[in-house]
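# Summary of the model geometry
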Amino acid sequence: MSTVIDDICELLDSYNGRDKVVRLACYTFKLYGCLIGEKSWQAAGSRLSNARMMLRLFDDIPMIRHTYNYGLGKHESSKVAATLGVLANMVDQVFLPVEKACWLHELGILKLSTEMADKLEVFSTALWAASLYISFIQTIQSVQHLWWSKDCLEKSEGGSDVKQKLDIRLVLQMVTASKLCLDITHAVSCLPSGCLWGEKIGATKIAAIATTSSVIGIAMYFAKKRLLK
């Protein structure tokens, strides 16, 4: 029992861990509100979503440091992986100030025309979707690399311990890819009508997709902690 409590506390003590929990609560509230037709639950979910956004307001400096440390990805195993890494950093770096501009406009601090504000909101959502798509490609690349490593080990006399860890990593990466598919579905559905499946998925289904993704995210956190010791 104490181990479970310790794991939960460790999850909540970290920024990313707490964000996962708040995200789960956010979309669970929204889903429940949609199912029972109670706007108060949906409003509670929206408040939690705003809380997550408030915390992202201060992510610029850590993101700049990460982008600087990553550089041109010379440590990556291939040029494709390095290009994807640089592209992902660029998209995430641009997303943060754009999201802040949208927030400042909502507060009335930044004066923008309605047309410009709408375009900025769409651009912010498009950057979010692009970031997820790049992460998906990176994950698929990782899966391919793990398959290759597994094939090489099977042909050699590699230890069973190494093979087992490779199998675990492979399963975890495949689950990650599935989660990213859900996240991409969610992000694109928030785009305006005419952009792929934008606005074609109902609020209840979107909340269900996001809730499922959030559950997988927390399950993955504990799975990695337990299985990749």
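Residues numbered from 1 in each chain as written. Predicted model: local features only at pLDDT ≥ 70, side-chain atom pairs only at ≥ 80, totals over all residues. Heavy atoms only, no water.

## Re the layout of surface pockets
Selection rule: Using a grid of 1 Å spacing that covers the protein atoms alone, one calls a set of points a cavity when a 1.4 Å probe fits there but cannot get out, and a pocket when the set is open and has protein on both sides within 12 Å along at least five of seven lines; lining residues are those with an atom within 4 Å of a point. Grid points are joined across faces, edges and corners, and a volume is the space filled by probe spheres set on the points. Numbering of helices and strands starts at the N terminus; helices are DSSP runs of H or I of at least 4 residues and strands are runs of E of at least 2. Classification convention: Asp, Glu, Lys, Arg as charged; Ala, Val, Leu, Ile, Met, Phe, Trp, Tyr, Cys, Pro as nonpolar; all other residues, Gly among them, as polar.
As a volume, the second largest pocket reaches approximately 220 Å³. Taken together, E76, S77, S78, A81, L84, Q138, Q141, S142, Q144 and H145 make up the lining of the second largest pocket. Elements with a minimum of two residues in the lining of the second largest pocket: α5 (79-107) and α6 (114-155). Looking at which element gives the most residues to the lining of the second largest pocket, the answer is α6, with five residues. Here the residues of the lining of the second largest pocket are counted per class, giving two nonpolar, seven polar and one charged.

## Structural notes on the side chain of T139
Counted only if it meets this: In this scheme, a residue with accessible area under 20% of its type's maximum is buried, one over 50% is exposed, and one in between is partly exposed, where area comes from a 1.4 Å probe on protein chains only.
By the element assignment, T139 lies in helix α6. When its relative accessible area of 8% is taken as the criterion, T139 is described as buried.

## Some details on the nonpolar core
Nonpolar side chains tend toward joint burial in soluble globular proteins. Put simply, the rule is: The term nonpolar core refers to a set of buried residues drawn from Ala, Val, Leu, Ile, Met, Phe, Trp, Tyr and Cys, joined through side-chain atoms within 4.5 Å. Only heavy atoms enter the contact rule, under which two residues are in contact if any of them lie within 4.5 Å.
Core analysis: the biggest nonpolar cluster contains 12 residues, these being M63, L84, A88, V91, F95, L96, V98, A101, C102, L120, L127 and I134. Those elements that place two or more of their residues in this core are α5 and α6. Leaving out residues up to four positions away in the same chain, F95 has contacts with R56, S124, L127 and W128. Within the second largest apolar cluster, seven residues are counted, among which are L132, I184, A187 and L191.

## A short note on the packing of aromatic side chains
Rule in force here: Under the pairing criterion, centres of Phe, Tyr and Trp rings, with the six-membered ring standing for Trp, must be within 6.5 Å; the plane angle then separates stacked pairs below 30 degrees from edge-to-face pairs above 60, leaving the rest tilted.
Per the counting criterion, the structure on display carries three aromatic pairs. Ring centres of F29 and W41 lie 5.2 Å apart, and the angle between their planes is 85°; on these two criteria the pair is classed as edge-to-face. A residue pair is termed long-range when its members are at least 10 positions apart, and F29 in helix α2 (residues 15-36) and W41 in helix α3 (residues 39-56) qualify at 12 residues. Note on W41: relative accessible area 34%, which makes it partly exposed.

## Digging into the side chain of K179
Inclusion rule: Two N or O atoms count as a polar contact when they lie within 3.5 Å, although within protein this holds only if one can serve as hydrogen donor and the other as acceptor, and sequence-adjacent residues are included solely when both atoms are side-chain atoms.
Mapped onto the fold, K179 is located in helix α7 (residues 160-189). One polar contact links K179 to S213, side chain to side chain, over a distance of 3.4 Å. When residues no more than four places from it in sequence are discounted, the contact partners of K179 are S213, I216 and G217.

## Here we look at a nonpolar patch on the surface
Under the convention used in this document: Like charges are joined within 9 Å and nonpolar side chains (Val, Leu, Ile, Met, Phe, Trp, Tyr) within 5 Å, but only among residues with over 30% relative accessible area and no salt bridge; these make up the patches. Method for areas: the Shrake-Rupley scheme with a 1.4 Å probe, in which residue coverage is limited to the protein chains shown. Salt bridge criterion: a side-chain nitrogen from Lys or Arg within 4 Å of a carboxyl oxygen from Asp or Glu.
On the surface, Y32, L35, I36 and W41 cluster together to form a nonpolar patch covering roughly 400 Å² of accessible area. The element that contributes the greatest number of residues to the nonpolar patch is α2, accounting for three residues.

## Concerning the pattern of salt bridges
Scanning all chains against the criterion turns up eight salt bridges. A salt bridge links D183 to R23; the shortest N-O distance between them is 3.2 Å. Taken together, the positions of D183 in helix α7 and R23 in helix α2 put the pair 160 residues apart, joining distant regions of the chain. Take D183: its relative accessible area is 6%, and that puts it in the buried class. A salt bridge links D60 to K100; its shortest N-O distance comes to 2.3 Å. Of this pair, D60 sits in helix α4 (residues 60-70) while K100 is found in helix α5, placing the two residues 40 residues apart along the sequence. When salt bridges that share partners are traced, they join R23, K179 and D183 into one network.

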